[in-house]
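Architecture at a glance
Below, each chain spelled out in residue letters.
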Amino acid sequence: MRLKTIILIIMLIPLFLVGCYDKKELEQQAYVVAIGVDKTDEKGLYKFTFQIANPEVGSAIVGGGSQEEPKETVSIKGSDILTATNTANSFVSREITLDHTKVLIASEELARSGDFIRIMQSTARTTQIRRGVQILVSKEDASEFLQNINPKMETRPHKYYQLILDRAKETGIIPEAEIHRFFQITEGDADLFLAIYATNKKAKEKDDGYEDEYVAGQLPKEGGNNSQFMGSAVFKEGKMIGTLDGQETRLAHVFDPTLDMDDLLSTYPDPIKEEFRIGADYSQKSSPEINIEYNKNKPTKINVRVPFQIEIIAIPSLVDYSQNKDNKELLKKTIEESLEKKSRELIRKTQEEYKAEPFYWSLYIRKYFKTIEEYEEADWNKNIYPNAEININFDLERLEFGKMLNDSNLTEVRD
Amino acid sequence: MFKFLKKVQQTDSKSEPEAVHTKLDKNAQHIKQLFSYGLNKDFTFRELTAKYSQEKIEIYYYSSIVDANKVYDAIVRPLLESEGKQIRDVIVAESVKEITDFEQATEHINSGKAIIFEDGNNTAYSIDVAKFEYRGIGKAENESTIRGPQEAFTESLNVNVSLIRKRMHDKQLVTEGKQVGARSKSEVNIVYVKDLVNEEILKSVRERLDNIEADNVRNLELLEQFIEERPYSLVPTVLFTERPGNATSYLEDGHIIILMNNSAGCLIVPVTFWSFFHSPEDRYLRFLFGNFSRLVRMLAFYLTTMISATYIAITNFHSAMLPPDLLLAITASRERVPFPLIFEILIMEIAFELIREAGIRIPNPLGPTIGIVGALILGQAAVQANIISPIIVIITAVSGLTSFAVTDVSINYSVRITRFIFIFSAGFLGIFSLMGAFLAWFMYVASIKSFGVPFFAPLSPSYRSPHDTLFRKAIRNEIWRPGQIKPKDIRKKANSK
Amino acid sequence: MKDHKTLKTRELFAMMTIFVGMKLADTTPSLLSSKASNAFWMIPIISFIVIIPSFLLLIFLLKKYKDKNLIQLLEAILGTYLGKALGFTIFLSAFLSLSLDSRNYVEQIKLLYFPESPTTILYFVFIGVAFIGAKKGLEVIGYSSWIGLPLIKFSMLLMAFLIFDRIILLRIFPIFGDGLDVVLTQGIKKASIFSELFLFTIAYTAFKDTNTFRKGSYLGSFVVIFEITFFFLLYTLVFDYNSVGKVAFPFHDITQYINFGDYFTNVETFFMVFWLLAAYMRFIIFLYLIAWIFAAVFNIKEFEPLILPFAFFTIIIGMIPDNTLLNDLFYRDRLLNYMTPLFISFPIILWIVAFFKGDLKKT
């Protein structure tokens, strides 16, 4: 018994001595919340930017340190993200940890170059970058974008990214752009991937657009910080080929059964007094019905029916739409037509310009094939979709007018 | 009793203890020598002449452990006043025993009896006039409950038996006597319900009591260590309770209870993990309330063993798991702490153990000091001195506080030792080694048997039983007795079909 | 109080579902999906259909011969030497698969959670725990499995639940993936993924009565096949046909992907806890059964001292392959292919021999 115990203890002691390989104290690590990637002049060499959260700022426990910046943004050249973190340690005092990364930002230049997919491959290999990280394309250089992010209300950068991306996604003006989705779509090689489009630089303001017909940078706004997250960058086979504005991104949400959107307030033309627009809350209780009729030798037919509901929130023209039956019908028709018209434009753009769709519709054609080989031969991307006959049909199921029965009668008020 | 005497007689045949002599003088001389009369202040004798036979009579006893009035009423007065043919006719006290040798005589005197020697009679008589002093029945202080009876066992065997009989009017309730110890023989009572108890377990209890080789077993706390199977094991296999109500409920299920003088409590065998986990109050509270309290206790059980270890594993090895805000808060609080995290935890856990130990040992009037010192050391000062980070205080406080929800004293120690095992293993390879240690610990506990009953029964292996494990059923739905102890009658409800 | 053979149906069921069911969370799915893409979820069904008649046949024989375990049955039917030789072959293949599997698990742990720790240390800890557990004996293993089972299954269901809104049902198409022929041949070749069910028959007489063993093994094997298919399907639906073949550890990849709301985003360690529990349990059972089979072949009565040397040899053999990929894609793949005919055929051979000996007509 005693001998056994002694042997056991002797065996255990070295275990305790060596057991520290992966032990890392918290304060010895630097937590990256955003990674930026830019192109450099040399091929195979990229500029990586790490935005590191400063733990001392914003925590009540520690008295001092309030003079420190809430974040540190550093850039370094390297060939992939992980080796770059090591190089960065020559001037960052702590071990760089990517576990808490929220966004991966690529400059538009890099995204368009086709090198982007090389960077992405290395992220899939490491366990540090999660599949839930959002992909963002910045109009300017990613390093510049990250340097200039200065949220006014959130001290801690991770909070800022989390809040703004979540909220913007709820409204549908930016797409869901997880790394996971990027891989599924890019490797599937049939659809377009939409990444979030953002910028810090003001472009020429576009004054004639309605509430969501902008891409980032065009928003005529005053106050707030400079960063704008709006619209999406379109990736085909891992390479950026164009941008969609907020409205088009919203429509992509509508057509894509795998994405959802919670909050869609937008305006539609007033059918009676044309100088006004009507504000409405669009909501969709069920996914769109997508029927694909696959024909091997003639164009495939795609029928899409979108059932939706509208709750009117503002009628600035004060026309009576709620009580008057004819007006109501007219309004219904106008809304449907306006949505269908915009959709047709978007579809035409994807068919002619991109020659592929960002709605993940390739899922619906798959059932016509038994094996992957057959499916890939039929080639949704190059053959089927660009030549397909697409029929979009919006179907307004319910029209509601909020809690007011009728608007105040302007003539009586002015009397 | 009889069996025991037989055994003594067998050993007598070798050493031949002196038999009681017919001559009083010789007897007197011998017994005075045995008890160092004169030196031994409370060893007393009285001499008188019996009225019925006109013979000289001497009565020997310890004056400190007999009731002087009883000696007078039951012995002296009848001898002086009554008529009769023999001594049996004169002394009519309930427990007169004939004694033939000095070995027996010594034993009887030691246990508070008076021995009568008569001139010309080679039989001595022992009369029970014992009056041991003991504490009155108090409140159960270590196993406190809000509802339910508050009486606790006290340090007297007879009182304790009476407390049990008061709760259970059953003719099958047997209190079997046994004596342990070679020098000072102590009375042990095995209490059980004869038509419920499993004979094999009963036999094994008897055997273990018989096999005790010790000069003196003073009380139950020591007896427990003599009869348990694995003295080195981490977990206890015998339950100690000071509540007669609790003991009776175990009796009703067919368990065996061991009582002894000098212990304000009783031992219950066989037990399972669940016996330590349950509190008597679970049954006194209504179904939902009792189960809620068990849920809280289970959580406490988990927290007290695991929270410190989990904290180490997550912060040192798996920091990715923490939500970013919490991560940054912990990191910020650690920036100025000079020690590694595991060291911080150990400092605080040990400090807590120190306060706890000191709190038990400290004399009552000094009690409040411990609170002040403890709060100062553990709380503010250590944090302000940057020795530990404030979050550690929360962790240790939770881990310490929840340990009080583990009520049984023995299992409490198991849990506290386990906590340190887990802390070290978490510091080794994080969750990987922590889970390894946990599984090894768990399987070790599962392999423990208390008098042949697996420790996690009836959860696994399963038996027909009320399944009173983590949660209990409504009392009216409890049809079976716990099957893991194999009672003779497994059905709890006599009339229902 | 002596209370032998307390193990019942539920303990066997628990051991089987943990032991075999664990395959859904290791590299088995990636081994299969690299061959059959999104249709790989059908492989277990085919394998099961292929191997279950043999398993049932073996159970039938055990029932006929009463109170014999696997090795005793082999000896009773084939004679001592032939029986022992076959028993030793079974032992050898099982032991090889134990070594390779355990290395595989250790590499998973290393790759995902402890990249900087040396494999040897992790391996020693892993097998050390398995050894301590196995040393406690079959009964304790059974109890612990039953108590641990709800936790393990709960965590798996929770994972399935959390990933549910990210799955896309249509990814099941094209239904036959790389082709029906690939699915079928792989299904037959890899039938040995269920070979571990056979190992339990060594414990045939260790249960309360043999009836409980049969009930437990039917129940266990059907739940296992259901569970494995369900999770394989889930992987297909989450990763799609192109990626599912590239993901080495689909289970862990999913746990890294999911989150509990906005605040708990990296919850993989939570699932890791239960995964580790199951992994330890799996190798505890594995080690114990193998030591038992070995002891039965060589008529060693007290086989528990054998567990230590076996644990040691497991590490030695497991350390031979140079890296995970080679281990997984080459050795394990081959071993599974070689084991299939052995496990499919030996019950049939036994039955034929028994039939011609006329043993089956008695009673």
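Here the structure is shown first, and the text comes after it.
All values derive from a computational prediction rather than experimental measurement.

Reading the values: rules and limits
- Position numbers for residues count from 1 along each chain, tracking the sequence in the order it is written.
- Chains carry letters from A onward and ligands carry numbers from 1 onward, assigned in written order.
- Owing to the predicted nature of the model, reporting of local features is limited to residues with pLDDT of at least 70; listing and counting of side-chain atom pairs is limited to 80 or more, with chain, interface and lining totals taken over all residues.
- Note that the side-chain values use all heavy atoms of the structure and ignore hydrogens as well as water.
- We count a stretch as a helix when DSSP gives it H or I for four or more residues in a row; a strand needs E for two or more, and each element gets its number in order from the N terminus.
- As a reference, a globule follows 2.2 Å times the number of residues to the power 0.38, and the radius of gyration itself is taken over C-alpha atoms.
- Exposure classes here rest on a 1.4 Å probe applied to the protein chains alone. A residue is buried below 20% of its type maximum, exposed above 50%, and partly exposed in between.
- A contact between two residues is defined here by any heavy atoms of the two lying within 4.5 Å.
- In these tables, accessible area is a Shrake-Rupley quantity obtained with a 1.4 Å probe, and a residue counts as shielded only by the protein chains included in the view.
- Positive charges are assigned to Lys and Arg, negative charges to Asp and Glu, while His and the chain termini are left out of the count.
- Positions of charges follow a simple convention, taking NZ of Lys, CZ of Arg, CG of Asp or CD of Glu.
- Each Phe, Tyr or Trp ring (for Trp, its six-membered ring) is paired with any other whose centre lies within 6.5 Å, and the angle between the two planes then decides the class: stacked below 30 degrees, edge-to-face above 60, tilted in between.
- Two thresholds decide whether a charge sits over a ring: the Lys NZ or Arg CZ must be within 6 Å of the ring centre and within 35 degrees of the ring normal.
- The buried area of a pairing is the accessible area, by a 1.4 Å probe, that goes missing from both parts when the two are put together, added over both.
- Salt bridge, as used here, is a side-chain nitrogen of Lys or Arg placed within 4 Å of a carboxyl oxygen of Asp or Glu.
- Pairing of N or O atoms within 3.5 Å defines a polar contact, subject to two protein rules: one partner must be a possible hydrogen donor and the other a possible acceptor, and residues neighboring in sequence count only if both atoms are side-chain atoms.
- Put simply, Ala, Val, Leu, Ile, Met, Phe, Trp, Tyr, Cys and Pro go in the nonpolar bin, Asp, Glu, Lys and Arg in the charged bin, and everything else, Gly too, in the polar bin.
- What is meant by a nonpolar core is a set of buried Ala, Val, Leu, Ile, Met, Phe, Trp, Tyr and Cys residues, joined one to another through side-chain atoms within 4.5 Å.
- A pair of strands counts as paired when DSSP detects no fewer than two bridges linking them.
- To get an axis, a line is fitted to the C-alpha atoms, and for a helix only the part in contact is used. The angle between two axes follows their N-to-C directions and goes from 0 to 180 degrees.

1. Regarding the overall build of chain B
Looking only at helices and strands, chain B features 17 helices and 12 strands. Radius of gyration (C-alpha) of chain B: 29 Å, far over the 23 Å computed for a compact globule of 497 residues. Oriented by its inertia axes, the alpha-carbon framework of chain B measures out at about 100 × 60 × 45 Å. Buried residues in chain B amount to 53% of all 497 residues. Taking as baseline every contact in chain B between residues at least 6 positions apart, the subset at least 24 positions apart corresponds to 65%. As displayed, chain B offers around 22900 Å² of accessible surface, 56% of which is attributable to carbon and sulfur atoms. If you average the places of the 57 positive and of the 55 negative side-chain charges in chain B, the two averages end up 7 Å apart.

2. Observations concerning the packing of aromatic side chains
Counted according to the given criterion, the structure contains 87 aromatic pairs over all chains. With 5.7 Å between their ring centres and 55° between their planes, F369 of chain A and Y375 of chain A make a pair best called tilted. Take F369 of chain A: its relative accessible area is 6%, and that puts it in the buried class. Residues F91 of chain C and F310 of chain C carry aromatic rings whose centres are separated by 5.5 Å and whose planes lie at 65° to one another, so their mutual orientation is edge-to-face. Placement of the pair is F91 of chain C in helix 5 (residues 80-112) and F310 of chain C in helix 13 (residues 307-318), with a sequence separation of 219 residues. In terms of burial, F91 of chain C and F310 of chain C fall into one category: buried. Three or more aromatic residues link up through ring pairs in this structure, and these residues are F273, W274, F276, F277, F301, F422, F438, W441, F442, F455 and F456 of chain B. One Lys or Arg, K8 of chain C, reaches over the ring of Y463 of chain B and ends 5.6 Å from the middle of that ring. If you follow R282 of chain C out to its NZ or CZ, it ends over the ring of F283 of chain C, 5.4 Å from the centre.

3. With respect to the interface of chain C and chain B
On the chain B side, the residues contacting the 41 residues of chain C number 36 residues. Summing both sides of the interface, chain C and chain B together bury roughly 3300 Å²; the carbon and sulfur share of this comes to 72%. Summed over the shared surface of chain C and chain B, the result is zero salt bridges. Where chain C meets chain B, there are five residue pairs in polar contact (both at pLDDT 80 or more). Listing elements by their share of the side of chain C that touches chain B, those giving two or more residues are helix 1 (9-21), helix 6 (119-135), helix 7 (137-163) and helix 12 (268-297) of chain C. Among the elements that make up the side of chain C that touches chain B, the one with the highest residue count is helix 12 of chain C (10 residues). Considering only residue class, the side of chain C that touches chain B consists of 26 nonpolar, seven polar and eight charged.

4. Details of the environment of L222 of chain B
Mapping L222 of chain B onto the fold places it in helix 8 (residues 220-227). Taking the C-alpha atoms as reference points, L222 of chain B and S263 of chain B, 41 residues apart in sequence, are found 9.9 Å from one another.

5. So, the nonpolar core
If you look at the biggest cluster of nonpolar residues, it comprises 342 residues, and the most contacted ones within it are F50 and W361 of chain A. By residue number, the principal contributor to this core is helix 12 of chain C, which donates 26 residues. When neighbours within four sequence positions are excluded, F50 of chain A is seen to be in contact with V32, A34, I35, E72, T73, V74, I76, I81, A84, T85 and L98 of chain A.

6. Structural notes on the interface of chain C and chain A
Residue-level contacts link 38 residues of chain C with 32 residues of chain A. Interface area, chain C with chain A, both sides summed: about 3000 Å², of which 52% is carbon and sulfur. On the chain C side of the contact with chain A, L170, Y241 and Y257 of chain C bury the most area, a combined 20% of that side's loss. Viewed at the interface, chain A and chain C are joined by five salt bridges. The partner of R130 of chain A in a salt bridge is E268 of chain C, and the shortest N-O contact between them spans 2.3 Å. Remark: the boundary between chain C and chain A carries 14 residue pairs in polar contact (both at pLDDT 80 or more). Within the residue set of the side of chain C that touches chain A, elements represented by two or more residues are helix 5, helix 10 (210-244) and helix 11 (250-257) of chain C. When residues in the side of chain C that touches chain A are grouped by element, the largest group, six residues, is from helix 10 of chain C.

7. A look at the sheet that holds strand 1 (residues 43-49) of chain B
Residue and element names in this part refer to chain B. The strand order 1-2-4-5-3 describes an open sheet built from five strands, whose pairing is antiparallel. At either margin of the open sheet sits one strand with a lone partner, and together these are strand 1 and strand 3 (96-99). The average angle at which neighbouring strand axes cross in this sheet is 25°, direction not considered. Where strand 1 meets strand 2 (residues 56-62), seven bridges bridge the pair, whose relative direction is antiparallel. Opposite F43, over in strand 2, you have Y62 as the bridge partner. Across the sheet, helix 2 (residues 24-34) is in contact with strand 1, strand 2 and strand 4 (113-118); its angle to strand 2 comes to roughly 15°. Packing against the sheet, helix 3 (residues 68-81) makes contact with strand 1, strand 2, strand 4 and strand 5 (124-128), and its axis sits at approximately 25° to strand 1.

8. As for unusual backbone geometry
Across the chain, the bulk of peptide bonds are trans and the bulk of non-glycine residues have phi less than zero. Here A457 of chain B and P458 of chain B are connected by a cis peptide whose omega angle stands at 0°. Secondary-structure assignment places P458 of chain B in the segment after strand 12 (453-454). The step from S460 of chain B to P461 of chain B runs through a cis peptide bond, and the omega angle for that step is 0°. With phi around 50°, E237 of chain A is a residue other than glycine that occupies positive phi space. Relative to the helices and strands, E237 of chain A is located in the loop between strand 8 (228-236) and strand 9 (239-244). Assessed through its relative accessible area of 42%, E237 of chain A is described here as partly exposed. Phi at K355 of chain A is positive, roughly 55°, even though this residue is not glycine. If you trace the backbone, K355 of chain A turns up in the loop between helix 9 (325-354) and helix 10 (362-365). Its relative accessible area of 44% is what places K355 of chain A among the partly exposed residues.

9. Focus on helix 2 of chain B
All names here are of chain B. Residues of helix 2 that are buried include every one of L24, N27, A28, H30 and I31, and no others. Against strand 1, strand 2, helix 5 (102-110) and strand 4 lie the buried residues of helix 2. Positive backbone phi, at 45°, marks S36, one or two positions downstream of helix 2.

10. Comments concerning the pattern of salt bridges
All names here are of chain B. In the structure shown here, the tally under the stated rule is 60 salt bridges over all chains. In this structure, the salt-bridge partner of E47 is K56, at a minimum N-O distance of 3.4 Å. The exposure class assigned to K56 is partly exposed, which follows from its relative accessible area of 40%. Within this structure, D253, D282, R283, R294, R297, D468, E478 and K492 form a network of salt bridges that share partners.

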